[in-house]
Amino acid sequence: TDANPAACRLLSLPYHELVGSPVLSLPPQARQARSALSIDSGADAAIELEMLDGRGQVIPVEVVGRSVQRRDQRQRMTVIRDMRDRQAAQARIHT
């Protein structure tokens with residue numbers, strides 16, 4: 001597993017703690033089974049779930065999984081999007 005600076009900021013974790021960590025270690029325990037189903041399916045899909053940051057705060061995120069070919073190997077790429085701003089905007093619209 002690799003990470004970029006945006007992931008480090010989002011999750012309040014230093015790079016060395018994210019690199020090599022399975023993506024499934026980030027959602028709270030109760031949500032890990034749902035995340036595993038999405039990843040194991042190999043589908044190019046997005047799911048909304050929650051992750052824990054380095055301070056133990058719950059962060060709503062959208063996780064997008066994609067399968068990619070690299071040097072004749074199928075690999076899985078995961079993009080994590082912070083949903084807090086979107087959820088706040090939706091709440092403003094509906095109030």
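The preceding data block contains the structure.
Just so it is clear, the structure is predicted and the values come from calculations on it, not from any experiment.

*Asks:* Is there a simple way to explain the sheet that holds strand 2 (residues 58-70) in this structure?
*Replies:* Within a beta sheet, neighbouring strands are joined by backbone hydrogen bonds and run either parallel or antiparallel to one another. Across the sheet, three strands lie side by side as 1-2-3; this open sheet has antiparallel pairing. Strands with a single pairing partner mark the edges of an open sheet, and in this sheet they are strand 1 (45-52) and strand 3 (73-82). Each strand of the sheet is rotated relative to its neighbour by a mean of 35°, with strand direction disregarded. With ten bridges joining them, strand 2 and strand 3 adopt antiparallel strand pairing. Bridge pairing in strand 3 places R66 opposite M77. Lying over the sheet, helix 4 (residues 84-93) contacts strand 1, strand 2 and strand 3, oriented at roughly 130° with respect to strand 2.

*Asks:* Can you help me understand the side chain of D53 in this one?
*Replies:* Note that D53 resides in the loop between strand 1 and strand 2. The exposure class assigned to D53 is buried, which follows from its relative accessible area of 7%. A distance of 2.8 Å separates the side chain of D53 from the backbone nitrogen of R55, its partner in a polar contact. Excluding anything up to four places from it in sequence, D53 contacts L10, L11, S12 and I59.

*Asks:* What is the right way to read the pattern of salt bridges from this model?
*Replies:* Counting across every chain of the model gives three salt bridges. D82 is paired through a salt bridge with R84; the nearest N and O atoms lie 2.6 Å apart. The class of D82 is partly exposed, set by a relative accessible area of 34%.

*Asks:* Is there a simple way to explain the nonpolar core in this structure?
*Replies:* As a rule of thumb, soluble globular proteins bury nonpolar side chains together. Residues A3, C8, L10, L11, L13, L18, I47, L49, M51, I59, V61 and V63 constitute the largest nonpolar core, which totals twelve residues. Looking at this core, the elements with two or more residues in it are helix 1 (5-11), strand 1 and strand 2. Not counting the four nearest positions on each side in its chain, C8 is found in contact with L13, P14, Y15 and L18.

*Asks:* Looking at this structure, how should I read a nonpolar patch on the surface?
*Replies:* A cluster of nonpolar side chains, namely V68, M77 and V79, defines an oily patch on the protein surface of about 200 Å² accessible area. Among the secondary structure elements, V68 is positioned in strand 2. Residue class for V68 comes out partly exposed when judged on its relative accessible area of 31%.

How each quantity is defined
Residues numbered from 1 in each chain as written. Predicted model: local features only at pLDDT ≥ 70, side-chain atom pairs only at ≥ 80, totals over all residues. Heavy atoms only, no water. Pairing = 2+ DSSP bridges. Helix = DSSP H or I, 4+ residues; strand = E, 2+ residues; numbered from the N terminus. Axes fitted to C-alpha atoms, helices over the stretch in contact; angles between N-to-C directions. Contact = heavy atoms within 4.5 Å. Buried < 20%, exposed > 50% of the residue type's maximum accessible area, 1.4 Å probe, protein only. Polar contact = N/O pair within 3.5 Å; in protein donor to acceptor, adjacent residues only side chain to side chain. Salt bridge = Lys/Arg side-chain N within 4 Å of Asp/Glu carboxyl O. Core = buried A, V, L, I, M, F, W, Y, C linked by side-chain atoms within 4.5 Å. Patch = residues over 30% accessible without salt bridge, like charges linked within 9 Å, V, L, I, M, F, W, Y side chains within 5 Å. Areas by Shrake-Rupley, 256 points an atom, 1.4 Å probe, with all protein chains shown as cover.

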